[in-house]
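Each chain is listed here by its residues.
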Amino acid sequence: MNSLLRLLPYARPYVWHFAGVIVLVLLYNGTSVLQPYLVKIAIDEDITGPHPSVHGLFVIAGLYLGVSLVGLVANYTQVQVLQYAGQSVIRKIRVALFTHIERQSMRFFDTNAVGRLVTNVSSDTETVSQFFTNFFLSMVRDGLSLVLIIAAMYRLDVRIATYSMVLLPILFGISLVFRRRLRERYQATRTRLSNIIAFLAENLAGMRIIQIFHQEQRQARAFGELNDAHRQASVREYRLSVMFNRTFELLGNVAVAAVVWVGGWAVLRHAIPFGTLYAFITYIRQFFQPINSITQQWNTLQSTIVAADRIGKVLAVEPDVRDPEDPVDLTARGPIRGEVAFEHVSFAYIPGRTVLHDVSFRVPAGSFVGFVGATGAGKSSLMSLLTRFYDPQEGQITIDGVDIRRLRLEDLHRVIGLVQQEVHLFTGTVADNIRLFREEISDEAVRAAARAVGADEVIERLPEGYQTRLFAKGANLSMGERQLIAFARIVALNPRVLILDEATANLDSKTEALVQRGLEAVAKNRTTLVIAHRLSTIRHADEIVVLDHGRIVETGTHEALLERGGLYAQLHRKSSVEAVG
Amino acid sequence: MDNPRQLLKRYFLRHRWSYALSILSIVASEIVMVQFPHLLGAFTDALQAGRVNGPALLRYTLWLAAVGIGYVALYGFGQMRNGTLGRKFEYELRRTLFLHWETLSTSYFRQRSVGDLLNHALNDVRSVRDALSGGLNILTNAVFLLASTLVMTFRTVSVRLTLVSMIPIVVVPFLVGWLGPRIRQATRQAQEALSDMADLTEESITAIRLIKATANEAVEQRRFTDRVDAIVRRQMGVFRRSALMQSLIPFMGSLAFVVALTYGGYLTITRQIPLGAFVAFTLYLAMLITPLQEMGFVFNYFQRASASLQRLEVLLTEMPDIHDERDAVALPPVRGEVRIRLNAFTYPDGTRPALHDVDIRVEAGKTLGIVGRTGSGKTTLVNLLPRIFDPPPGTVFIDGHDVRSVTLRSLRQAISYVPQDGFLFSTTIGENIGFSKEGATEAEILEAARLAAFDEVIETFPEGLDTVVGERGVTLSGGQRQRAAIARALLKDAPILILDDSLSAVDMNTEKTIIANLQRARRGRTTIVIAHRLSAVRHADHIVVLDRGTVVEAGTHEELIRRGGLYAEIYRLQETEQGVTA
């Protein structure tokens, strides 16, 4: 419940909308209650009264029509206003949630599955939106209906009204019990249906196996069991819902009979006029709808609370990598040179399991440095620290002599560029994928960037050139083409420092040459740090840093390291054999 | 296979008495229900005339209660039966669908996405069921309620009053029929906008490192906000339409009421009808609006169900393209001699032959090795044997019998197969291995696992054979999956065993163990091994080398090495590679 309340501030800007909804609901409910009352007046005064009057009847009818029209407009407007407000609140929550998630450090994404976060953003918010629309509306509209009906009943006749109140607890009780069990059965049916889906998905995919091992009958039997279980659950759910609806209807009919009994006596004793009895019969029927609806919202409220809890948990996480209180402005001190230094850096993803031990090195501005080592030697961790995906436990990392923790994250990331092993594509055009949807990068700049890395030719060959739509999942580009796009991205963004995690995938020799040329184009005029998987990439590096188990074991140029005959020389021997295979 | 329309017809016929009973009970319930306003009207008149005393009041009350209970009981009974029957049909339709799918061949599944097929099995079946249970209830209810209400008002109130007052509400079913599909369309668009947003979220979070490293958070936020705004717009589109329907329907009711009040009141004042008739009529009017509204819904229900039936019909009338020939005979006990004499084989959906000029002979009990580059036709070739794809008649023989002339069941009984991907079901490891032989004992399963060098893997799982594989269980590595699939194939113990590149993901040592086990366990029975690594086939009695769909070399390992062709070249390349990895 608290988590739901914490979401209320998002509704604050729309407080007047919600107030307007209350007014409109009042108006609409007023018209509904007024209608039977008008008929009562018509019956008691114009039709059966001492002076029957056709004129009076017409006036009442005219009023009735007017009231109905007001009701129509009020109802339509109410739905629009409420839904607009509700949707806007959810829009705000969604944007806030998404922004919040994107602000988190990598630690957050290490521990939270993508699928769960997507659920938080899309379906949990959808569930919460019901709180601001259906639930709110039901409380206002149905609550109000109940109050108005009860008030009208008491105004007409206190005694009969009091008798009628017996119904209230009975209806609520029955409804709540039924609703709870209905929900259980609904969920049982859902679970069994998803079993069917899972079974079908798998068996359709593996139909070949079933047929080769001629197990059709066995699988048909297994499917039959799931199918039957679903049918039973579905029938049970359906029966209960029929029971529920009919029980409610039964009570309604019996209640009318009871009113006739009680009210009839009153009319006989001339305690009330007949019109009052008529109105009572109408009111007692109107009693049921709001109660039914309120209990339905009880279910909504429960699932809303669960969803709000999940959203609240995400929103409560504070990013552990944050902007400093008083950031240093790098550009204020003249052009950025791009000198990178690690000073006694130690780091562990999980406390106690250190992956980098007291690492120090310096990369002069504009140079090309390669990092090599076995898998798990700590190459990627080094780069994750430089981009501040994580902060080190000890030591500091500087750019042009400034500790990167004293820079705003945005400024840091404008200085540093990253090309990952795996190239992520976004649903959108090739051009958008190069400019990463940034409006300030013109089509011209995009083309220039593509030309610079040699991606131009490849892109022009695509069906619609730069306007060809790409899809994140449906990989309609080859691995090499993806690499070139990633290079073009970097040139378009133009950072001073570039981190390149070389792709391991095997490319054919022609693409390989293209990619190699692209890489050289990208590295030009930048400080470049390369995590190399093929030693040929860094043969000409200004310096090579060799890592082993989180420590720097050797540094030097290719020739110097070979001469030394250490780990690098060993790796080199192995890789040249591999290249033949 | 069965046409779903005939299926539906037969179902109706088979359950005709059940349906007659439930429809009858719904009709009876309507006849009872329309007595309610009539009773109230009579009561009103009696009251006015001063003819009501204590016992009479009690009688009226009891009658009202009896009518109320009777209606609910009768309607509830009919509704429940129809709902249950509809769900039974849903069950049978899904069953038919699955049995039908089981008869279709791999080329059918190759051309369709599982998602599409699932959609048929879920949504199309459900929309037929909805029309059959809910739709039928509402239709019966609406038609008879309408009919009996009209009869009652004509008889007891006034034909003219009824007809005049009904004018506004006759519009209602058309209104629903017109707006309903538009609301559905708008809802679908809103759903699409919602899934667009979910897709973007997933895309963005997956690429979070890139986004952070390029300081692109603000741009992503803008893109996200665009998607969210689209949702708001689309949702409002839905609500504009649905609010129109929700407010117009009760308004039409009110309009009818105004007419009734004016005209009916006038008739009452001028004493052309009694007050009771007027009261009863206003109640009848209220009863009319719901069935009229529901007629519109029912119309939409049936429209959707009919489209679904059509789609299901297309699905169910698909003929299996691989089936027993008319004069197919069961394969007699198999020795295991395989003969392939193929001019050309082209996939049903292909244009160029995938295989041509293949002539292979494997003597019973021998081992055949097949090697070749990716795409050279190795898998296609072995798929012809168990007729996963149908070879042309007279090209593939087992013990001299054309595979096209024997029954599928007997053919497949004689062959065991390990697929390339090591496809497993998401059940326990034990059930996966035991899949090939119903009622296999645990000892047999463990023995098969041992032969596939999979027993030591099983031992590392705390739950052993009961460990669940896949989505909600332990994720197996590629090599482990292959070994499980090999164990599954070995458990079947068929005269012919095919391994389709099923050792590609296991390490060298395990491969050695498995090959040695196979040589021992399969002695005297035919084995066909497709392999990428030559170490897996070098001990075969006969090796064929495929290239671009045809056999380019054949012989024993030594012969092929001596020959110095493609095989020898691959061998040289792999030897140096192994020198590094070993």
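Here the structure is a predicted model, which is why all the values come from computation and not from measurement.

A. How the structure looks around the overall build of chain B. When helices and strands are tallied, chain B shows 19 helices and 10 strands. Relative to a compact globule of 582 residues, whose C-alpha radius of gyration would be 25 Å, chain B shows 36 Å and is clearly more extended. Principal-axis analysis of the C-alpha atoms gives chain B an extent of 120 × 70 × 50 Å. In chain B, which comprises 582 residues, the share counted as buried stands at 44%. In chain B, 80% of the contacts between residues at least 6 apart in sequence involve partners at least 24 apart.

B. Just the interface of chain B and chain A, in detail. Each partner contributes to the interface: chain B provides 102 residues, whereas chain A provides 100 residues. The leading source of residues in the side of chain B that touches chain A is helix 9 (residues 217-269) of chain B, at 27 residues. Of the residues that constitute the side of chain B that touches chain A, the class distribution is 56 nonpolar, 26 polar and 20 charged.

C. Region of the structure containing unusual backbone geometry. With a phi close to 35 degrees, His214 of chain A is a non-glycine residue in the positive phi region. Along the polypeptide, His214 of chain A turns up in the loop between helix 8 (207-212) and helix 9 (216-268). Of note, the phi angle at Asp493 of chain B is positive, near 55 degrees, even though the residue is not glycine. Mapped onto the secondary structure, Asp493 of chain B falls in the loop between helix 16 (478-492) and strand 7 (496-500). Of the residues examined, Asp493 of chain B has 15 C-beta atoms within 10 Å and is grouped as partly exposed.

D. Quick look at the sheet that holds strand 2 (residues 355-362) of chain B. All names here are of chain B. One open sheet holds the 4 strands; their spatial order is 2-1-4-5, and the pairing between them is antiparallel. Two strands close off the open sheet at either side, each with one partner strand: strand 2 and strand 5 (401-402). Direction of pairing for strand 1 (residues 338-345) relative to strand 4 (residues 396-398): antiparallel, over a ladder of 3 bridges. What sits directly across from Arg339, in strand 4, is Phe397.

E. Just the domain arrangement of chain B, in detail. What the domain assignment reports for chain B is domain 1 (1-157 + 273-321), domain 2 (180-268), domain 3 (324-414 + 496-582) and domain 4 (426-493). Here the C-alpha centroids of domain 1 of chain B and domain 4 of chain B sit 51 Å apart.

F. Main features of the packing of helix 3 (residues 54-103) of chain A against helix 9 of chain B. At a closest axis distance of 8 Å, the pairing of helix 3 of chain A and helix 9 of chain B adopts a crossing angle of 165 degrees. Put simply, helix 3 of chain A runs roughly antiparallel to helix 9 of chain B. Between helix 3 of chain A and helix 9 of chain B the crossing geometry is right-handed. Class assignment for the residues of the contact of helix 3 of chain A with helix 9 of chain B results in 25 nonpolar, 15 polar and 6 charged.

G. Layout of the sheet that holds strand 1 (residues 340-348) of chain A. Residue and element names in this part refer to chain A. Taken together, the 4 strands give an open sheet; going across it, the order is 2-1-4-5, and neighbouring strands pair in antiparallel fashion. Each of the sheet's edge strands pairs with one partner strand only, and the pair in question is strand 2 (354-363) and strand 5 (402-403). Sheet analysis places strand 1 next to strand 2, joined by 6 bridges and oriented antiparallel. Looking across to strand 2, one finds that Val345 is bridged to Val359.

H. A look at the nonpolar core. One finds Phe280 of chain A together with Phe281, Ile433, Ala448, Ala452, Ala487 and Ile498 of chain B to be the most contacted residues of the largest nonpolar core, which totals 185 residues. Excluding residues that lie within four positions of it along the chain, Phe280 of chain A makes contacts with Met153, Leu156, Ile160, Val259 and Gly263 of chain A.

I. Representation of the environment of Gly86 of chain A within the structure. Mapped onto the elements of the fold, Gly86 of chain A is located in helix 3. With 46 residues separating them along the chain, Gly86 of chain A and Phe132 of chain A place their C-alpha atoms 5.2 Å apart.

J. Expanded view of the domain arrangement of chain A. Domain boundaries in chain A define domain 1 (1-157 + 293-318) and domain 2 (330-580). One C-alpha centre belongs to domain 1 of chain A, the other to domain 2 of chain A; they are set 53 Å apart.

K. The arrangement of the packing of helix 7 (residues 167-205) of chain A against helix 9 of chain A in detail. Residues and elements named next belong to chain A. Across the interface, helix 7 lies against helix 9 with an axial gap of 9 Å and an inter-helix angle of 160 degrees. Classified by the angle between their axes, helix 7 and helix 9 sit roughly antiparallel to one another. Between helix 7 and helix 9 lies a crossing whose hand is left-handed. Within the contact of helix 7 with helix 9, the residues separate by chemical class into 18 nonpolar, 9 polar and 5 charged.

L. Just the pairing of strand 7 of chain B, in detail. All names here are of chain B. Extensive coverage of strand 7 is indicated by the burial of 5 of its 5 residues. Here strand 7 shows a buried face lined by Ile496, Ile498 and Asp500 and a second buried face lined by Leu497 and Leu499. Here strand 6 (residues 415-418) runs beside strand 7; their pairing, made up of 4 bridges, is parallel. The residue of strand 7 that forms the bridge with Ile415 is Ile496.

Reading guide: rules and limits
Residues numbered from 1 in each chain as written. Chains lettered and ligands numbered in written order. Predicted model: local features only at pLDDT ≥ 70, side-chain atom pairs only at ≥ 80, totals over all residues. Helix = DSSP H or I, 4+ residues; strand = E, 2+ residues; numbered from the N terminus. Rg over C-alpha atoms; globule rule 2.2 N^0.38 Å. Buried ≥ 20, exposed ≤ 12 C-beta atoms within 10 Å, placed from the backbone. Contact = placed C-beta atoms within 7 Å. Nonpolar A, V, L, I, M, F, W, Y, C, P; charged D, E, K, R; others polar. Pairing = 2+ DSSP bridges. Domains from an automatic or database assignment. Axes fitted to C-alpha atoms, helices over the stretch in contact; angles between N-to-C directions. Parallel < 35°, antiparallel > 145°, perpendicular 65-115°, else oblique. Left-handed = near helix turned anticlockwise from the far one by under 90°. Core = buried A, V, L, I, M, F, W, Y, C linked by C-beta atoms within 7 Å.

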